[in-house]
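Listed below are the residues making up each chain.
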2 protein chains.
Amino acid sequence: MSDLLERLRGRGWRLTAQRRVVAEVLDGDHVHYTADEVHARASERLPEISRATVYNTLGELVSLGEILEVSTDGRAKRYDPNAHHDHHHLVCSRCGTIRDVHPAGNPLSDLPVVERFGFTVTGVEVTYRGTCPSCTDV
Amino acid sequence: MSDLLERLRGRGWRLTAQRRVVAEVLDGDHVHYTADEVHARASERLPEISRATVYNTLGELVSLGEILEVSTDGRAKRYDPNAHHDHHHLVCSRCGTIRDVHPAGNPLSDLPVVERFGFTVTGVEVTYRGTCPSCTDV
DNA sequence: TCCTACATCGGACTTTGTCTAAGTCAAGAA
DNA sequence: TTCTTGACTTAGACAAAGTCCGATGTAGGA
């Protein structure tokens, strides 16, 4: 992920302590934090960091295509650093846990032209819902 | 949709003017209103209806499986009365318009067991994203 | 008609996110 | 190294969407 910082600098980003910390929090796969969780974790390393900066930085990373925004429940959006590998999501309806999954097939080609209503279709998200093992056992 | 009211009464629902109006607003297919839009339309017929009641009623209809909750953008949830026919959604990234679509194939069977991580998978939503004809022309 | 459990009301509150004005600082220039 | 400047950050006000609560109203059975 450290080359993420280099890539961003190459695009004219100013490399500040705040941005570095946000990027570090998102480092690692299979992590789907809300903006608040990112802020909490960033604050551990940089206590003065403000919410506005976290929101700004996340928004910029999304525009740059470095992370994905995922809104699975109409509550807080989650941020997915695994933006460079095609995948979809499996969400626990009880606790909200998210796993990355890789279904077979290509849903984009499953949408016939007559079902596109003149839209220019650019992407597709598949969200599986269910109950995770810990929530099932309860 | 009038038999919806009968069905609900059969389940012990008290039939109030407010609930009747909310159900009537959602009548008709291919409608995806936000809670606020439902409230605005319900208010035209029943000016005293409160937001809390609209939220309560929508929540109950969702629990009863009579309508679907759709959150495509992390902003206001939308409510889809077309709950009894399998379908997915095509969303315009610019104006938020939603169309019901019916892709080929069954995404549920596309998720291999090893990709289920012990979850009990109960459903799947496919959201196509793109630009609708009016927004493309601009 | 009367009763009462269930529904509704309005408004306060919470959560999530955006905006702004003032202050700060990264990085190139000298 | 120090200076300069415009991009970045901050705290807090604000906004949108949704939830909660005590008081009041009413649908539907007795």
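Residues numbered from 1 in each chain as written. Chains lettered and ligands numbered in written order. Predicted model: local features only at pLDDT ≥ 70, side-chain atom pairs only at ≥ 80, totals over all residues. Heavy atoms only, no water.

1. As for the sheet that holds strand β1 (residues 33–34) of chain A
Residue and element names in this part refer to chain A. Spatially, β1-β3-β2 is the arrangement adopted by the three strands of the open sheet, whose pairing is antiparallel. If you trace the sheet from one side to the other, it starts and ends with β1 and β2 (68–70), each paired once. Pairing between β1 and strand β3 (residues 78–80): two bridges, direction antiparallel. When the bridges of β3 are listed, T34 appears paired with R78. (Pairing = 2+ DSSP bridges. Helix = DSSP H or I, 4+ residues; strand = E, 2+ residues; numbered from the N terminus.)

2. Focus: the pairing of strand β4 (residues 88–92) of chain B
All names here are of chain B. Most of β4 sits inside the fold, with five of its five residues counted as buried. Neither face of β4 is left uncovered, since the one carrying H88, L90 and C92 and the one carrying H89 and V91 both have all their residues buried. Across four bridges, β4 lies against strand β5 (residues 98–101) in antiparallel orientation. Pairing of V91 across the sheet is with I98, part of β5. Where β4 hands over to β5, the hairpin turn is made up of five residues, of which G96 adopts a positive phi near 85°. Here β4 pairs with strand β6 (residues 120–131) via four bridges, running parallel. If you follow H89 over to β6, its bridge partner there is T127. (Buried < 20%, exposed > 50% of the residue type's maximum accessible area, 1.4 Å probe, protein only.)

3. Section: the protein's contact with DNA strand D
The immediate surroundings of DNA strand D are formed by 19 residues, with R14, T16, Q18, S50 and T53 of chain A found nearest. For DNA strand D, the backbone portion of the atoms within 4 Å of the protein, that is sugar and phosphate, comes to 66%. In this structure, a phosphate oxygen belonging to DNA strand D sits 3.0 Å away from a main-chain N or O atom of L15 of chain B. One of the side-chain nitrogen or oxygen atoms of Y55 of chain B is found 3.0 Å away from a phosphate oxygen of DNA strand D. Listed by contribution, the elements that provide at least two residues to the surface near DNA strand D are α2 (17–25) and α4 (51–63) of chain A together with α4 (51–63) of chain B. Tallying contributions element by element places α4 of chain B first for the surface near DNA strand D, with three residues. Class assignment of the residues belonging to the surface near DNA strand D gives a composition of seven nonpolar, four polar and eight charged. (Near = heavy atom within 4 Å. Polar contact = N/O pair within 3.5 Å; in protein donor to acceptor, adjacent residues only side chain to side chain. Nonpolar A, V, L, I, M, F, W, Y, C, P; charged D, E, K, R; others polar.)

4. Re the domain arrangement of chain A
Residue and element names in this part refer to chain A. Examined at the domain level, chain A breaks down into domain 1 (2–80) and domain 2 (88–137). When each unit is reduced to the centre of its C-alpha atoms, the spacing between domain 1 and domain 2 is 24 Å. Taken together, the contact between domain 1 and domain 2 spans six residues of the former and seven residues of the latter. For the pair domain 1 and domain 2, the summed buried area comes to about 580 Å², and 53% of that belongs to carbon and sulfur atoms. (Domains from an automatic or database assignment. Contact = heavy atoms within 4.5 Å. Buried area = accessible area lost by both parts, 1.4 Å probe.)

5. Comments concerning the protein's contact with DNA strand C
Around DNA strand C, the surrounding shell holds 19 residues, and the nearest of these are K77 of chain A together with R14, T16, Q18 and T53 of chain B. Near the protein, meaning within 4 Å, the atoms of DNA strand C are sugar or phosphate in a fraction of 70%, with bases accounting for the rest. For DNA strand C, a base nitrogen lies 2.9 Å from a polar atom in the side chain of R14 of chain B. One of the side-chain N or O atoms of R19 of chain B is found 3.3 Å from a phosphate oxygen in DNA strand C. Among the secondary structure elements, those contributing two or more residues to the surface near DNA strand C are α4 of chain A together with α2 (17–25) and α4 of chain B. Ranked by residue count, the leading element in the surface near DNA strand C is α4 of chain A, at three residues. A breakdown of the residues in the surface near DNA strand C according to their chemical character gives seven nonpolar, four polar and eight charged.

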